[in-house]
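Topology and contacts: notes
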Amino acid sequence: MLETFARAALSGTAVSVASTIALALAAKAEGRHPVRPTNATGHWFRGDEAAASRNVDAKHTLLGFATHEGASIFWAAIFQGFQKLGPRRPAAVDAISVSALAAFVDYVVVPKRLTPGWEKVVSPRSIALTYGVMALALWATSARKANR
C-alpha cells in the first residue's frame with residue numbers, strides 16, 4: 001500500500017510538472033502570460049479573476065499548482081490501480097485510458113467551478129495536448145513500461 005502511494009506521488013508529480021510546463025508553453029504560444037493556466041486552476045476558490053492574474057504569488061500560483069498537484073496525484077493513483085488490476089495490459093494503454101478519463105471527468109462530469117480552469121486561458125487544442133502530456137508522464141513513470 002505504501003509503495004503504491006509512493007508510486008502515485010512520483011507519477012502525479014511528474015504529471016503535474018510536465019503538464020504545467022506544457023500549459024505554460026501553450027499559453028505563451030497563444031499570446032497569453034505563461035503563468036495564467038496555473039493561476040486559473042485556483043478558480044474553484046478565487047473565481048474567474050484567478051485566470052486573469054499574471055502574478056506569480058501564493059494567492060494564485062501556489063494555490064493553482066497545489067490544486068493541480070493534488071489532482072495529478074489522484075489520477076496517478078488511479079493509474080497505479082489500473083496497473084495492478086491489469087498486469088498483462090501495456091502501461092501505455094492504462095496511461096491513455098486514465099488521461100482520457102481525467103479529461104472526461106474534468107470537462108464533462110464536474111461542475112464548471114471544479115474544472116481545471118485551463119479553458120479560461122488556452123484553446124481546446126492546447127488542453128487536449130496537455131492531456132496527451134499527462135498520458136506520456138504516466139507512461140514514463142510506470143514500473144512496467146520496460147516489460148511491454
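Up top is the structure these notes are about.
Below, the structure is looked at part by part.

Quick notes on the rules
- Residues numbered from 1 in each chain as written.
- Predicted model: local features only at pLDDT ≥ 70, side-chain atom pairs only at ≥ 80, totals over all residues.
- Heavy atoms only, no water.
- Helix = DSSP H or I, 4+ residues; strand = E, 2+ residues; numbered from the N terminus.
- Rg over C-alpha atoms; globule rule 2.2 N^0.38 Å.
- Buried < 20%, exposed > 50% of the residue type's maximum accessible area, 1.4 Å probe, protein only.
- Contact = heavy atoms within 4.5 Å.
- Lys, Arg positive; Asp, Glu negative; His and termini not counted.
- Charge placed at Lys NZ, Arg CZ, Asp CG, Glu CD.
- Phe/Tyr/Trp six-rings, centres within 6.5 Å; stacked < 30°, edge-to-face > 60°.
- 1 Å grid on protein atoms, 1.4 Å probe; cavity = no way out; pocket = protein on both sides within 12 Å on 5 of 7 lines; lining within 4 Å.
- Points joined across faces, edges and corners; volume = space filled by probe spheres on them.
- Nonpolar A, V, L, I, M, F, W, Y, C, P; charged D, E, K, R; others polar.

Looking only at helices and strands, the protein chain has seven helices and zero strands in total. Its helices and strands taken in sequence order, the protein chain reads α-α-α-α-α-α-α from the N to the C terminus. Whereas a compact globule of 148 residues would reach a radius of gyration of roughly 15 Å, the protein chain reaches 15 Å, a difference of no more than 12%. Principal-axis analysis of the C-alpha atoms places the extent of the protein chain at approximately 45 × 30 × 25 Å. Evaluated residue by residue, the protein chain yields a buried proportion of 41% over its 148 residues. Restricting to contacts in the protein chain with at least 6 residues of sequence separation, those with at least 24 account for 65%. Each charge sign in the protein chain was given a centre, from 17 positive and 9 negative side chains, and these centres are 5 Å apart.

For the structure on display, the rule yields four aromatic pairs. Ring geometry for Trp44 against Phe45: centres 5.4 Å apart, planes inclined by 55 degrees, an arrangement best described as tilted. In this structure Trp44 comes out as partly exposed when scored by relative accessible area, which is 36%. Note on Phe74 and Trp75: the rings are 5.0 Å apart at their centroids and 80 degrees apart in plane angle, and the pair reads as edge-to-face. Judged by its relative accessible area of 47%, Phe74 falls in the partly exposed class. Clustering of aromatic rings is evident, with ring pairs tying together Tyr107, Trp118 and Tyr131.

Bringing empty space enclosed by the protein into the picture now. A probe as big as a water molecule, rolled over the atoms, marks out the empty space that is left. A complete count under the given rule lists one cavity of 30 Å³ or more for this structure. One number sums up the size of the largest cavity: a volume of about 30 Å³. What lines the largest cavity is Thr20, Leu23, Pro37, Thr38, Thr41, Phe65, His68 and Trp118. Going through the elements one at a time, α1 (2-29), α2 (36-40) and α5 (58-85) are the ones with two or more residues in the lining of the largest cavity. For the lining of the largest cavity, the class distribution of residues is four nonpolar, four polar and no charged.

Shape descriptors only; they carry no functional weight alone.
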